[in-house]
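These are the residues of each chain, in order.
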Amino acid sequence: MDIVIKLNSQTVGKDKIARLCQYSCRGLWASKEGSESVETIKLLKHIESILSSFRKLLRFGKGFEVLYSASAGLKFKELSEHLFITLGKIASGLFLLADHVVWLSRSGINKNINTTKWVDRSNRFWLISILFNLCRDVQELYRLFVYYSRSNIRNLQRTMYAVYRENKPLLVDTIKNVCDVFIPLNGLGILPVSNQTIGMLGAFSSIMGLLPLLYPRLKF
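The chain carries the name Peroxisomal membrane protein 11B in an unreviewed UniProt entry, which gives Anopheles christyi as its organism. The record held by UniProt for the chain lists under Subcellular location (unreviewed entry) the comment "Peroxisome membrane".

Following this line, the structure appears as structure tokens:
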């Protein structure tokens, strides 16, 4: 209960909990498709839709905040070291702005918006932001493997264990991004994945996103 209270006291915590429940619902109703649980499937889909709208409302306005923080990254003297971080934030900010438009459309505030087009744009910017984040993860992993290969650790298995033992925040972030990347790929039709798989990947990446909130030492 203390954990739930701790997470619920933060906006990002609320979002992560809602995201975990949202994708869990998708995985559950997808696993029941083809059975006679029509009412259960309908209920789970309804809950998923409510949680999705809740998260969009919870994040409303955050797009401007993320873009502003990205502009701060442009002031770094050694921009090359922070390039993927900055580009990832810009893409994430644009994703959130597109998501705001989708919420305005689905909430009925503005009915003149082409929802399909904006959902597509939202997924594209989300995919780009995840790819930049993955590039950052891969860059850091490569740097670590080069470092360990030059040390006394020559065995690959021991090197991987050293990376795991001493760089858990990086591994948590990498796993989260690898799971997330399939969601916009599926949404854009680039790599079709079953709803059950999307539900499982979304739920698992949500857990990875919750870990740094519960254990700050895992924040990358």
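### So, the packing of helix 2 (residues 11–32) against helix 3 (residues 38–58)
Orientation of helix 2 relative to helix 3, taken along the N-to-C sense of each, is 155°, at an axis distance of 9 Å. Here helix 3 runs roughly antiparallel to helix 2, going by the angle between their axes. With respect to the hand of their crossing, helix 2 and helix 3 are arranged in left-handed fashion. Residues T11, K14, D15, A18, R19, C21, Q22, C25, R26, L28, W29 and K32 of helix 2 form the contact with helix 3, whose participating residues are T40, I41, L44, K45, I47, E48, L51, S52, F54, R55 and L58. The class makeup of the residues in the contact of helix 2 with helix 3 is 11 nonpolar, four polar and eight charged.

### Focus: helix 6 (residues 115–149)
The end-to-end C-alpha separation of helix 6 is 50 Å, in line with the 51 Å expected for 35 residues at 1.5 Å each. Among all positions of helix 6, only S122, N123, W126, L127, S129, I130, L134, D137, L141, L144 and Y148 are buried.

### What to know about the packing of aromatic side chains
Enumeration according to the criterion identifies three aromatic pairs in this entry. Ring centres of F95 and W126 lie 5.5 Å apart, and the angle between their planes is 20°; this geometry places the pair in the stacked category. With F95 in helix 5 (residues 79–106) and W126 in helix 6, this residue pair connects regions lying 31 residues apart in the sequence. Judged by its relative accessible area of 12%, F95 is buried. The class for W126 is buried, based on a relative accessible area of 14%. One Lys or Arg, K45, reaches over the ring of W29 and ends 4.5 Å from the middle of that ring. Lying across the ring of W118, R121 places its NZ or CZ 4.5 Å from the centre.

### With respect to helix 8 (residues 168–187)
If you check helix 8, its first and last C-alpha atoms are 30 Å apart, about what 20 residues at 1.5 Å a residue would give, namely 28 Å. Immediately downstream of helix 8, the backbone of G189 shows phi near 80°, a positive value.

Definitions and limits used
Residues numbered from 1 in each chain as written. Predicted model: local features only at pLDDT ≥ 70, side-chain atom pairs only at ≥ 80, totals over all residues. Heavy atoms only, no water. UniProt positions renumbered as here; feature names shortened; annotations may be inferred. Axes fitted to C-alpha atoms, helices over the stretch in contact; angles between N-to-C directions. Helix = DSSP H or I, 4+ residues; strand = E, 2+ residues; numbered from the N terminus. Parallel < 35°, antiparallel > 145°, perpendicular 65-115°, else oblique. Left-handed = near helix turned anticlockwise from the far one by under 90°. Contact = heavy atoms within 4.5 Å. Nonpolar A, V, L, I, M, F, W, Y, C, P; charged D, E, K, R; others polar. Expected span 1.5 Å × (residues − 1). Buried < 20%, exposed > 50% of the residue type's maximum accessible area, 1.4 Å probe, protein only. Phe/Tyr/Trp six-rings, centres within 6.5 Å; stacked < 30°, edge-to-face > 60°. Lys NZ or Arg CZ within 6 Å of the ring centre and 35° of its normal.

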